[in-house]
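Chain residues, written in single-letter form:
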Amino acid sequence: LKNIYTMGINRALTGPIARGDIVTVKNHLRLIQRKLPHYLPFYVEMGKMTIRIARRKGTLGISRCNTFKKMFNYEYCFNRISRRRKNNGR
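Predicted, not measured: the structure shown is a model, and the values here were computed from it.

Draft legend 1. Structural view of the overall build of the protein chain. Helices and strands together make up the secondary structure of the protein chain, namely 7 helices and 0 strands. Start at the N end of the protein chain and walk to the C end: the helices and strands fall as α-α-α-α-α-α-α. Out of the 90 residues in the protein chain, the part that is buried amounts to 30%. In the protein chain, the proportion of contacts linking residues at least 24 apart, taken out of those at least 6 apart, comes to 66%. Total accessible area computed for the protein chain in this model is approximately 6400 Å², and 54% of it derives from carbon and sulfur atoms.

Now the structure itself:
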């Protein structure tokens, strides 16, 4: 939090979305879907907010921004969980 106060939120932002690291975020989503599905809505909403900050910071290009937006589509995330549960007999 200190960096947010001293540098501002845009400059202080780090992490896979700020870097445009699609693979890491996909892995996060898969793990959360499998192990902690009740946290998925929180992760998705925080991801959407982080996309906006990364765009303002200038570290996230439009192509990767659009990819992240598709990944964080709430319906998409939960449809994948529903299909997986049906396929696994859950």
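More follows now that the structure is in view.
Draft legend 2. Focus on the side chain of Thr50. Relative to the helices and strands, Thr50 is located in helix H5 (residues 40-57). Within the structure, the side chain of Thr50 is placed 2.7 Å from the backbone oxygen of Met46, a separation counted as a polar contact.

Draft legend 3. Quick peek at the layout of surface pockets. In this model, the largest pocket occupies a volume close to 240 Å³. Considering the residues around the largest pocket, the lining is formed by 16 residues, among which Leu13, Thr14, Met46, Gly47 and Thr50 are closest to the centre. For the lining of the largest pocket, the secondary structure elements donating two or more residues are helix H2 (9-12), helix H3 (16-19) and H5. Broken down by element, the residue count for the lining of the largest pocket peaks at 6 residues, all from H5. When its residues are assigned to classes, the lining of the largest pocket shows 11 nonpolar, 5 polar and no charged.

Definitions and limits used
- Sequence positions are assigned chain by chain, starting from 1 and proceeding in written order.
- Thresholds applied to this predicted model are a pLDDT of at least 70 for local features of residues and 80 or more for the giving and counting of side-chain atom pairs; totals over whole chains, interfaces and linings are not thresholded and use all residues.
- Side-chain numbers here rest on the full set of heavy atoms in the structure, without hydrogens or water.
- For the purposes of this entry, the term helix denotes a DSSP run of H or I that reaches at least four residues, the term strand denotes a run of E that reaches at least two, and both are numbered from the N terminus.
- When a residue's accessible area, from a 1.4 Å probe over protein chains only, is under 20% of the maximum for its type it is buried; when over 50% it is exposed; and in between it is partly exposed.
- Contact between two residues is taken to exist if any of their heavy atoms lie within 4.5 Å; hydrogens are not considered.
- For the accessible areas, the method is Shrake-Rupley and the probe is 1.4 Å, while residue cover comes only from the protein chains on display.
- Within 3.5 Å is the distance limit for a polar contact, defined as a pair of N or O atoms, with the added protein rule that one can donate a hydrogen and the other accept it, and that residues adjacent in sequence qualify only through two side-chain atoms.
- Grid spacing is 1 Å over the protein atoms alone, the probe is 1.4 Å, and a cavity is where that probe fits but cannot get out, while a pocket is an open set with protein on both sides within 12 Å along at least five of seven lines and lining residues have an atom within 4 Å of a point.
- Grid points are joined across faces, edges and corners, and a volume is the space filled by probe spheres set on the points.
- Side-chain classes are defined by residue name, with Ala, Val, Leu, Ile, Met, Phe, Trp, Tyr, Cys and Pro counting as nonpolar, Asp, Glu, Lys and Arg as charged, and the others, Gly among them, as polar.

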